[in-house]
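These are the residues of each chain, in order.
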Amino acid sequence: MLSDIEIAQAAEMLPIKEVASELGIAEEEIEQYGRYKAKMSEALIKRVSKNKDGKLILVTAINPTPAGEGKTTTTVGLGDALRRIGKKCVLALREPSLGPVMGIKGGAAGGGYSQVVPMEDINLHFTGDMHAITAANNLLSAMIDNHIHQGNELEIDTTNIVWKRVLDMNDRALRETVVALGGKINGRPREDGFMITVASEIMAILCLADGLADLKKRLGDIIIGYNYSGAPVYARDLKAEGAMCALLKDAIKPNLVQTLENTPCFIHGGPFANIAHGCNSVTATRLAMKLSDYTVTEAGFGADLGAEKFMELHPMLLL
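Here goes a summary of the coordinates provided. A quick note: this is a predicted structure, and the numbers were derived from the prediction, not measured. Residue indices begin from 1 for each chain and proceed along its sequence in written order. This being a predicted model, a pLDDT of at least 70 is required before a residue's local features are given, and a value of 80 or more before pairs of side-chain atoms are given or counted; all residues contribute to the totals for chains, interfaces and linings. Excluded from the side-chain calculations are hydrogens and water; all other atoms, namely the structure's heavy atoms, are used.

Points about the side chain of Thr263
- Only DSSP runs of H or I covering at least 4 residues are called helices, and only runs of E covering at least 2 are called strands; the numbering of each starts at the N terminus. Summarising the element assignment, Thr263 is placed in the loop between strand E14 (255–259) and strand E15 (264–267).
- Among the polar contacts listed, one links the side chain of Thr263 to the side chain of Asp80, at a separation of 2.7 Å.
- A contact between two residues is defined here by any heavy atoms of the two lying within 4.5 Å. Discounting chain neighbours no more than four positions away, the residues touching Thr263 are Gly79, Asp80, Arg83, Cys89, Leu91, Val257 and Gln258. N or O atoms within 3.5 Å of each other form a polar contact, as long as, within protein, one can give a hydrogen and the other can take it, and as long as residues adjacent in sequence are counted only when both atoms are side-chain atoms.

Have a look at this one:
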């Protein structure tokens, strides 16, 4: 029996422009990241916005297994099967996080002969979305500490800052830290910590946002902490949302790849279901529905977590 990576490396992939063409997407409507990956343009999203929606199929589970395998493999297999019997089908999946990829769970691109490819790229740096989210998150953290260092006009209570830094890696030694050590020039020391990138509020925002204007507003609405009077302090109070949005201008665009059987697959966003809604971006799901008769997607963890949130959030968001 071949391993997952041996199967993936033996795959005969189509150029991504051919995968896009199967969905009626013109070459000028995609932004290629090499030969087998592409981002979808705003022009495409706008062009197909009036198309009739296809049917949406959600894959879930009674509960997750310890290693997390099952839902993605089923989703990919079902999509390939629908396409094999002549149905126009598109998949919509979450982006893997480097934390689980390098940890016990491993990658999140399916398994066996139900995989999305190029598997190594998808599981590692892909098109840079995770890095953009990391940068936007940590830019806000830097602006918080710089504001405090420059006089703290907003009177931010350094003992009540709720915004954490992030890193897309499992590193428990950074969960609780003290920052700004090394003297006055390095800022005011305070307790801080790092979360994994997919647990950032920015990840959830990216997956729920409807375009750049909505993304910018949602970023501005982030509560970073509280002032000495107990009132919330927002990212917009620091005038951070514009720069954060600029860092995310490409990350907001869905990514197109393919399965081993060349079924089109949008992979975009990946918030954890225990701290957010646990689904790929609404933009990617909506685009898949506009371009196909059947969209197959999945929700994080079990039916009592990701699937329940999907049922609550997506009917109104996909309208």
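Points about the pattern of salt bridges
- For this document, the term salt bridge refers to a Lys or Arg side-chain nitrogen within 4 Å of an Asp or Glu carboxyl oxygen. Under the defined criterion, the tally for this structure stands at 18 salt bridges.
- The partner of Lys37 in a salt bridge is Asp121, and the shortest N-O contact between them spans 3.2 Å. Here the residue Lys37 occupies a position in the loop between strand E1 (30–32) and strand E2 (38–40), and Asp121 occupies one in helix H6 (residues 119–123), the gap between them amounting to 84 residues.
- Residue exposure (1.4 Å probe, protein chains only): buried if accessible area is under 20% of the type maximum, exposed if over 50%, otherwise partly exposed. Taking the relative accessible area as the measure of exposure, Lys37 reaches 12% and is therefore buried.
- The salt bridge partner of Arg165 is Asp145, with a shortest N-O separation of 2.9 Å. With Arg165 in strand E8 (residues 165–166) and Asp145 in helix H7 (residues 129–149), this residue pair connects regions lying 20 residues apart in the sequence.
- For Arg165, a relative accessible area of 15% translates into the label buried.
- Under the relative-accessibility criterion, Asp145 is labelled buried at 14%.

Comments concerning the packing of H7 against helix H8 (residues 201–208)
- With their axes 9 Å apart at the nearest point, H7 and H8 run at an angle of 120 degrees to one another. The orientation of H7 relative to H8 falls into the category oblique. The interaxial crossing formed by H7 with H8 has right-handed handedness. Every residue of H8 that contacts H7 at Met130, Ile133, Ala136 and Asn137 is listed here: Ile202, Met203 and Leu206.
- For this classification, the nonpolar set comprises Ala, Val, Leu, Ile, Met, Phe, Trp, Tyr, Cys and Pro, the charged set comprises Asp, Glu, Lys and Arg, and every other residue, Gly included, is treated as polar. Of the residues belonging to the contact of H7 with H8, the class tally is 6 nonpolar, 1 polar and no charged. For helices, the axis comes from a line fit to the C-alpha atoms of the stretch in contact; other axes are also lines fit to C-alpha atoms, and the angle between any two N-to-C directions lies between 0 and 180 degrees. Throughout this description, any angle smaller than 35 degrees is read as roughly parallel, any larger than 145 degrees as roughly antiparallel, any in the 65 to 115 degree range as roughly perpendicular, and the remainder as oblique. Helix crossings fall into two classes, left-handed where the near helix is turned counterclockwise from the far one by less than a right angle and right-handed where it is turned clockwise.

Considering the nonpolar core
- Residue types Ala, Val, Leu, Ile, Met, Phe, Trp, Tyr and Cys, when buried and joined through side-chain atoms within 4.5 Å, form a set referred to as a nonpolar core. Grouped together as the largest cluster of nonpolar side chains are 32 residues, with contacts concentrated most on Leu140, Ile202, Leu219, Ile222, Ile224 and Leu248.
- Contributions of two or more residues to this core are made by H7, strand E7 (156–161), H8, helix H9 (212–220) and helix H10 (241–247).
- Residue contributions to this core peak at 7 residues, all from H7.
- Dropping the residues within four chain positions of it, Ile202 is found in contact with Ile133, Ala136, Asn137, Trp163, Leu219, Ile222, Met244 and Leu248.

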